[in-house]
Amino acid sequence: VDIEGAKNNLNTEIPDWDFDKVKRAARNKWANQLEKLQVGGGTDEQKEIFYTALYHSMLAPNQYSDIDHRFRGHDLNTHQDDSFQMYTVFYLWDTFRTLHPLLAIIERDRTTDLIQSMLNMYKHDNLLPVWELAANETNCMIGYHAVPVIADAILKDIGDFDRQQAFLAMQKSAETDLFGLRNYKKVGYVKADEESESVSRTLEYAYDDWCIAQTAKHLNDSAREIYFSKRAQNYQNVFDPSVGFMRARINGGWQQ
């Protein structure tokens, strides 16, 4: 967060300033990480592909706290919290399907920090992250896909974080009027003449709503379970049975 913080990080992480020692430590750390999953069968080339992909899966999100647990918040002020490590680079539209479910299995402690980081962003932005980068929300992708990441952790009983606060944050992201959600809530789909990527948005909102419904069921909130389960059926509103595909809609009709 500042020059002194950078010096402190440097002096704490590599006090010996020994290149070979750092190299060995990095190799050992990656070996421990990659040994979390062991595969059998297949060719050496296939194993190399597998472990290369596993290595890539562990490159982000990135730790954003200094060694003393200070970090730059989404209000652009410096904060300090010793209870978790702040992370950044949440490209959730790309990662909620595969990366985060993997981390929930092999990186449970880090999953706690990731969700705590999301809740810290919510604290300052009043919404969960969509596509977050270096203490900034870019909003460059669709959906509110912090929701399935948090839902996965709650249903698997992973992590030390406030479940009710997280559940409230999930609902807040679903109830905004931004990004086509006003019509999604009103008529059951995102209108193509008012928002780009209208079909994809409708489908991804419906999936995220289903995740909220499952969380509500887990937390014994029957009213919200019913409400979000109903909203999750909105995917049907963009299915055109005459062609067998999803299609964009405008004012009840199909976009030509």
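Use the structure listed above.
Structure report, in brief. (Residues numbered from 1 in each chain as written. Predicted model: local features only at pLDDT ≥ 70, side-chain atom pairs only at ≥ 80, totals over all residues. Heavy atoms only, no water.)

Here the focus is the overall build of the protein chain. Counting its regular elements, the protein chain contains eleven helices and eleven strands. In terms of overall dimensions, the protein chain has a C-alpha envelope of 70 × 50 × 35 Å along the principal axes. Per-residue burial over the protein chain gives 41% buried out of 256 residues. Across the protein chain, the fraction of contacts at a sequence separation of at least 24, relative to all contacts at a separation of at least 6, is 62%. (Helix = DSSP H or I, 4+ residues; strand = E, 2+ residues; numbered from the N terminus. Buried < 20%, exposed > 50% of the residue type's maximum accessible area, 1.4 Å probe, protein only. Contact = heavy atoms within 4.5 Å.)

Turning our eyes to something else, we now look at the sheet that holds strand 5 (residues 90-91). The sheet built from three strands is open, its strands ordered 5-6-7 with antiparallel pairing. Of all the strands in the sheet, the pair left with one neighbour each is strand 5 and strand 7 (136-137). Direction of pairing for strand 6 (residues 131-133) relative to strand 7: antiparallel, over a ladder of two bridges. In the strand pairing of strand 7, Glu132 is matched with Glu137. (Pairing = 2+ DSSP bridges.)

Any two packed helices are characterised by how steeply their axes cross, that is the angle between the axes, and by the distance between the axes. Put simply, helix 8 (residues 163-175) and helix 11 (residues 222-231) touch, their axes get as near as 13 Å, and they point 35° apart. In the packing of helix 8 onto helix 11, the handedness of the crossing is left-handed. On helix 11, the residues touching Phe167, Gln171, Ala174 and Glu175 of helix 8 are Arg224, Tyr227, Phe228 and Arg231. Looking at the contact of helix 8 with helix 11 residue by residue, the classes come out as four nonpolar, one polar and three charged. (Axes fitted to C-alpha atoms, helices over the stretch in contact; angles between N-to-C directions. Left-handed = near helix turned anticlockwise from the far one by under 90°. Nonpolar A, V, L, I, M, F, W, Y, C, P; charged D, E, K, R; others polar.)

Our next topic: the pattern of salt bridges. Scanning the model with the defined rule gives 18 salt bridges in all. One salt bridge connects Arg97 with Glu204, and the closest N-O pair in it is separated by 3.3 Å. Note that Arg97 is positioned in the loop between helix 4 (92-95) and helix 5 (99-106) and Glu204 in helix 10 (residues 198-218), a separation of 107 residues in sequence. Taking relative accessible area as the criterion, Arg97 reaches 44% and is therefore assigned partly exposed. Arg182 is paired through a salt bridge with Glu194; the nearest N and O atoms lie 3.5 Å apart. (Salt bridge = Lys/Arg side-chain N within 4 Å of Asp/Glu carboxyl O.)

A separate point is the side chain of Asp113. Positionally, Asp113 belongs in helix 6 (residues 108-125). Summary of buried charges: Asp113 has no salt-bridge partner, and the nearest side chain of opposite charge, Arg110, is 7.5 Å away. Those residues in contact with Asp113 that sit more than four places away from it in its chain are Phe84, Gln85 and Tyr87. (Lys, Arg positive; Asp, Glu negative; His and termini not counted.)

The terminal C-alpha atoms of helix 2 (residues 19-34) lie 22 Å apart, and with 16 residues this matches the ideal 22 Å at 1.5 Å per residue to within 8%. The distance from a side-chain oxygen at the start of helix 2 to the backbone nitrogen of Asp20 is 3.1 Å, and the residue carrying that oxygen is Asp18. (Expected span 1.5 Å × (residues − 1). Polar contact = N/O pair within 3.5 Å; in protein donor to acceptor, adjacent residues only side chain to side chain.)

Taken as a whole, this structure holds nine aromatic pairs when the rule is applied. Between Tyr144 and Tyr205 the ring centres are 5.2 Å apart and the planes differ by 15°, which places this aromatic pair in the stacked class. Note that Tyr144 is positioned in the loop between strand 7 and helix 7 (146-155) and Tyr205 in helix 10, a separation of 61 residues in sequence. Taken as a pair, Tyr144 and Tyr205 share a single burial class, namely buried. Here the aromatic rings of Tyr207 and Trp210 are separated by 6.2 Å at their centres, their planes lie at 25°, and the arrangement is stacked. Taken together, the residues span about one helical turn, with Tyr207 and Trp210 both in helix 10 at a distance of three residues. Assessed through its relative accessible area of 37%, Tyr207 is described here as partly exposed. Residue classification places Trp210 among the partly exposed positions, given a relative accessible area of 42%. Taken together, the ring pairs in this structure connect Phe96, Tyr207 and Trp210 into an aromatic cluster. (Phe/Tyr/Trp six-rings, centres within 6.5 Å; stacked < 30°, edge-to-face > 60°.)

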